[in-house]
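Each chain, written out:
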Amino acid sequence: MYEPERLPSLAEVLAGPDTGLRYFVSHAPEKSEGWAEVLGNGLTFDLRGLREGNPASAPDIRSAVGLGLQDVAGKHWLTLAPGPHLAGADRLLPVIRIAAMLLNELSKVGPALAISWIPAHLVIKPDLFARAIGPWLEGGPFPAPAFVAMHRESDGSLRTEGLNFLMGQEFLLLPAHPASAPELARIAMRLVDWLVAHGPVVQPSQAVLAGSGTVLLEVEGGDRIVARCA
């Protein structure tokens, strides 16, 4: 997401951020077409909405981290999506990992005001996105704040949005007792990491989370998990 006057041109993308180039522009048609193919770790992604071409559509955003939803109005966007040769592979973690690296690097061109992860209808400030994905790119836990939105319900429980893109289900996390908002959010983040690693829940199960104890998991309707802190 950019201020209209800071939307990058093809030349700026080709030059890369001041910190150095960690991606390669593998194909650039006439600049009036407004897109380029970028290569990261052997995989290509299409970057669209560059200044010289047609504007990219604004994503549907329902949750914001580090900024307000009102800050999105009137801004311009670039979109990054897997190239045609990755058709059907867009949900694979290795592809998402490279997309995350590219989003982080491309956001430095301009620079961008925010990054949106469309499956979660989420927008997040670039520095918070970088802080979340950094450990993951080095082999650490899955960066839930960058890819999964958390919505607090009226009873204090937490509902995810965007987790289904990663493992086919969302969850509703219920506290075993009145829990503080930061405590329940910490458990939810660790549960996202556990579920991304273990896959869909098909029967009553237990997730043992480091530093957070046991969470009981039940399936409701096939596509939603009801999680209860033990």
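This section reports on the structure supplied with the text. Being a predicted model, the structure only gives us computed values, none of them experimental.

1. Let's talk about the overall build of the protein
Thought 1: Looking only at helices and strands, one finds six helices and 13 strands in the protein.
Thought 2: Against the compact-globule benchmark of 17 Å for 230 residues, the protein has a radius of gyration of 19 Å, which places it among compact chains.
Thought 3: Overall, the C-alpha framework of the protein stretches about 60 × 35 × 30 Å when taken along its three principal axes.
Thought 4: Split into buried and exposed, the 230 residues of the protein put 47% on the buried side.
Thought 5: In the protein, the proportion of contacts linking residues at least 24 apart, taken out of those at least 6 apart, comes to 54%.
Thought 6: For the protein, the exposed area adds up to about 11,200 Å²; of that, 53% sits on carbon and sulfur atoms.
Thought 7: Where the 18 positive side-chain charges of the protein centre and where its 24 negative ones centre are 4 Å apart.

2. Considerations on unusual backbone geometry
Thought 1: Residue Pro111 is bonded to the preceding Gly110 through a cis peptide linkage, with omega at -5°.
Thought 2: By the secondary structure assignment, Pro111 is in the loop between helix H2 (93-106) and strand E6 (115-117).
Thought 3: Phi at Asn41 is positive, roughly 50°, even though this residue is not glycine.
Thought 4: Examined against the element boundaries, Asn41 turns out to sit in the loop between strand E2 (35-40) and strand E3 (43-48).
Thought 5: For His121, which is not a glycine, the phi torsion comes out positive at approximately 50°.
Thought 6: Counting through the fold element by element, His121 comes out in the loop between E6 and strand E7 (122-124).
Thought 7: Here His121 falls in the buried class, since its relative accessible area comes to 17%.

3. Things to note about H2
Thought 1: Here H2 is 14 residues long and its end C-alpha atoms lie 20 Å apart, about the 20 Å a rise of 1.5 Å per residue gives.
Thought 2: Counting buried residues along H2, eleven of its 14 residues qualify, which places the element largely inside the surrounding structure.

4. Observations regarding the pairing of strand E9 (residues 158-161)
Thought 1: Across four bridges, strand E8 (residues 149-152) lies against E9 in antiparallel orientation. Residue His151 lies in a different strand from E9, and its bridge partner there is Arg159.
Thought 2: Between E8 and E9, which pair antiparallel one after the other, the connecting turn spans five residues, and Gly156 there sits at a positive phi close to 95°.

5. Regarding the environment of Val208
Thought 1: Mapped onto the elements, Val208 comes out in strand E11 (residues 205-209).
Thought 2: Sequence spacing of Val208 and Ala230 is 22 residues, and the spatial spacing of their C-alpha atoms is 10.0 Å.
Thought 3: Setting aside its immediate chain neighbours within four residues, Val208 contacts Trp194, Gly213 and Thr214.

6. As for the sheet that holds E6
One key point about sheets: their strands pair by backbone hydrogen bonds, in either a parallel or an antiparallel sense.
Thought 1: Ordered in space as E4-E7-E6, the three strands form an open sheet in which the pairing is mixed. At either end of the open sheet lies a strand with only one pairing partner, and these are strand E4 (63-65) and E6. Recorded for the sheet is a direction-independent mean angle of 20° between the axes of neighbouring strands.
Thought 2: Pairing of E4 with E7 involves three bridges; the strand directions are parallel. What sits directly across from Ser63, in E7, is Leu122.
Thought 3: Running over the sheet, helix H3 (residues 126-137) touches E4, E6 and E7 and is turned about 95° from E7.

Parameters and conventions
- Residues numbered from 1 in each chain as written.
- Predicted model: local features only at pLDDT ≥ 70, side-chain atom pairs only at ≥ 80, totals over all residues.
- Heavy atoms only, no water.
- Helix = DSSP H or I, 4+ residues; strand = E, 2+ residues; numbered from the N terminus.
- Rg over C-alpha atoms; globule rule 2.2 N^0.38 Å.
- Buried < 20%, exposed > 50% of the residue type's maximum accessible area, 1.4 Å probe, protein only.
- Contact = heavy atoms within 4.5 Å.
- Areas by Shrake-Rupley, 256 points an atom, 1.4 Å probe, with all protein chains shown as cover.
- Lys, Arg positive; Asp, Glu negative; His and termini not counted.
- Charge placed at Lys NZ, Arg CZ, Asp CG, Glu CD.
- Expected span 1.5 Å × (residues − 1).
- Pairing = 2+ DSSP bridges.
- Axes fitted to C-alpha atoms, helices over the stretch in contact; angles between N-to-C directions.

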